[in-house]
Amino acid sequence: MARILTGLILGLALAAPAAAEPNASALFGAKARPSAQQPAAIGSYARGCAAGLVELPETGPTWQAMRLSRNRNWGHPETIAFIRRFSAEATRYGWPGLYIGDISQPRGGPMTSGHSSHQIGLDIDIWMLPPRRLNLSRAEREKISSISVRSQDQRRVNGNYTRAHAAILRAAAMDPAVDRIFVTPPVKIELCKTATRADTPWLQKIRPLYGHDTHFHVRLKCPAGDRHCETQRPTVADLSRGGNGCDETLTWWVTEYLDPPKARPGTKPPPAPKERHPREFTMADLPAQCRSVLAAD
Ligand SMILES: [Zn+2]
């Protein structure tokens, strides 16, 4: 009997070798501390990891990190420097600072829940909720929620969206370290209403995307010298064909995206190719350097 069982187990293991490969999000999610290595963003925003990340202090003069229990307030040193200067900048527009959501896990990498990106210490979620105060307790930071700046029908901004939001988004996009910023499409539509030609360089960095109504997502460029960091293509200039992105690709989000044209009877769209979520990645899916990030002290 034992022999039969062993044979069965062996047979199963041989039949399904992929299942034996450990899941990368479980491995990275289990690391409570960063790697004692030179800071480096490795791979791409949605397929990578990060060495030598540093912690965003949970409270600073112009910010608080939210949802500390998630342990995702870790970033590349350049990310932490950006949050320090940008949150101070936000005070010029009447906010006491910023509530900072997820950055990365201590060693980056894919996560067991939530984001597909945020893997290399260069993505930051920032709450749309203007901070009321910057001395929230840990418990309060687990409990309070951000606000949505989008109407129920998803076609316009709502009364929560203010001039300060617009000024703060513009300030972020003008920071030279910023590659692009994801916002709910109505926010970009609103920014486009007053856009002039002079706004093109920063406005093209503001990218419409589903979700992103309770936070905006700042993505930083690969830091100089991080040779394993993959610059995102297409660039925002390519995506907007040198313009500001206030065009039909933007209106698509409040027309076709919300009201897809009905398929003609008898026609069937081809099935979308099945893409694996980063949650299913194994170490083999990540850059080779990620093994040493995981194994480092
Ligand atoms: Zn995000």
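Small disclaimer: the values here were computed from a predicted structure and weren't measured.

## Comments concerning the pairing of strand β1 (residues 40-44)
Moving on, step 1. Across the five residues of β1, five count as buried, placing the element largely inside the fold.
Moving on, step 2. Pairing analysis gives five bridges linking β1 to strand β2 (residues 47-51), with the strands arranged antiparallel. By the bridge assignment for β2, Gly 43 is matched with Gly 48.
Moving on, step 3. Once β1 ends, the chain turns through two residues before running back antiparallel as β2.

## Focus on the coordination of the zinc ion
Metal coordination angles in their ideal form are 109.5 degrees for the four-donor tetrahedron and 90 or 180 degrees for the six-donor octahedron.
Moving on, step 1. Here the zinc ion is held by the protein donor atoms His 118 (NE2), Asp 125 (OD) and His 217 (ND1), which lie 2.0 to 2.3 Å from it.
Moving on, step 2. Counting the intervening residues between successive donors of the zinc ion yields the motif H-x6-D-x91-H. With His 118 in the loop between β7 (98-100) and β8 (123-127) and His 217 in strand β11 (residues 215-220), this residue pair connects regions lying 99 residues apart in the sequence.

## Description of the pattern of salt bridges
Side-chain pairs of opposite charge can arise where the charged atoms are in close proximity.
Moving on, step 1. Using the criterion set out here, one finds 16 salt bridges in the structure.
Moving on, step 2. Its salt-bridge partner being Arg 47, residue Asp 285 comes within 4.0 Å of it at the nearest N-O pair. Here the residue Asp 285 occupies a position in the loop between α10 (248-251) and α11 (289-295), and Arg 47 occupies one in strand β2, the gap between them amounting to 238 residues.
Moving on, step 3. Measuring nitrogen to oxygen at the nearest pair gives 3.0 Å for the salt bridge that ties Glu 58 to Arg 141. Of the two residues, Glu 58 sits in the loop between β3 (54-55) and β4 (59-60) while Arg 141 sits in helix α5 (residues 138-143), which places them 83 residues apart along the sequence.
Moving on, step 4. One network of salt bridges, with partners in common, ties together Arg 47, Arg 276 and Asp 285.

## A closer look at the pairing of strand β9 (residues 178-183)
Moving on, step 1. Of all six residues in β9, six are buried; the element is thus mostly enclosed.
Moving on, step 2. In this sheet, strand β10 (residues 206-208) lies alongside β9 in parallel orientation, the contact comprising three bridges. Among the inter-strand pairings, Phe 182 is bridged to a residue of β10, identified as Arg 207.

## A closer look at the nonpolar core
Moving on, step 1. One finds Phe 86, Ile 100, Ile 124, Ile 181, Val 187, Phe 216 and Val 218 to be the most contacted residues of the largest nonpolar core, which totals 44 residues.
Moving on, step 2. Top element by residues in this core is helix α6 (residues 163-174). It accounts for six residues.
Moving on, step 3. Counting residues in each nonpolar core, the second largest holds 12 residues, with Phe 28, Cys 49, Ala 51 and Cys 290 among its members.

## Notes on the layout of surface pockets
Moving on, step 1. The volume enclosed by the largest pocket comes to roughly 630 Å³.
Moving on, step 2. Looking at the lining of the largest pocket, the element that brings in the most residues is β11, giving three residues.
Moving on, step 3. When grouped by side-chain class, the residues that make up the lining of the largest pocket number seven nonpolar, 12 polar and seven charged.

Definitions and limits used
In this numbering scheme, every chain counts its residues from 1 along its sequence in written order. Reporting in this predicted model follows two pLDDT cut-offs: at least 70 for local features of residues, and 80 or more for side-chain atom pairs to be given and counted; totals over whole chains, interfaces and linings ignore these cut-offs and use all residues. Only hydrogens and water are removed before side-chain values are computed, so all heavy atoms of the structure are retained for them. Categorising residues by exposure relies on relative accessible area from a 1.4 Å probe, with only protein chains included: less than 20% of the type maximum marks a residue as buried, more than 50% marks it as exposed, and the intermediate range marks it as partly exposed. Helix and strand assignments come from DSSP, with helices taken as H or I runs of at least 4 residues and strands as E runs of at least 2, each series counted from the N terminus. Only strands that DSSP links by at least two bridges are regarded as paired with each other. With water omitted from the atoms examined, metal sites may look incomplete; donors here are N, O and S atoms no farther than 2.8 Å from the metal, or 3.2 Å in the case of Na, K and Ca. By definition, a salt bridge exists where a carboxyl oxygen of Asp or Glu is found within 4 Å of a side-chain nitrogen of Lys or Arg. Buried Ala, Val, Leu, Ile, Met, Phe, Trp, Tyr and Cys residues that are joined via side-chain atoms within 4.5 Å together make up what is termed a nonpolar core. Of the grid points, spaced at 1 Å and generated over the protein atoms alone, those admitting a 1.4 Å probe that cannot get out make up cavities, while open sets with protein on both sides within 12 Å along at least five of seven lines make up pockets; any residue with an atom within 4 Å of a point is treated as lining. Grid points are joined across faces, edges and corners, and a volume is the space filled by probe spheres set on the points. Each residue receives one of three labels: charged for Asp, Glu, Lys and Arg, nonpolar for Ala, Val, Leu, Ile, Met, Phe, Trp, Tyr, Cys and Pro, and polar for the others, Gly being one of them.

Such coordinate-based values are descriptive only and should not be taken to indicate function.
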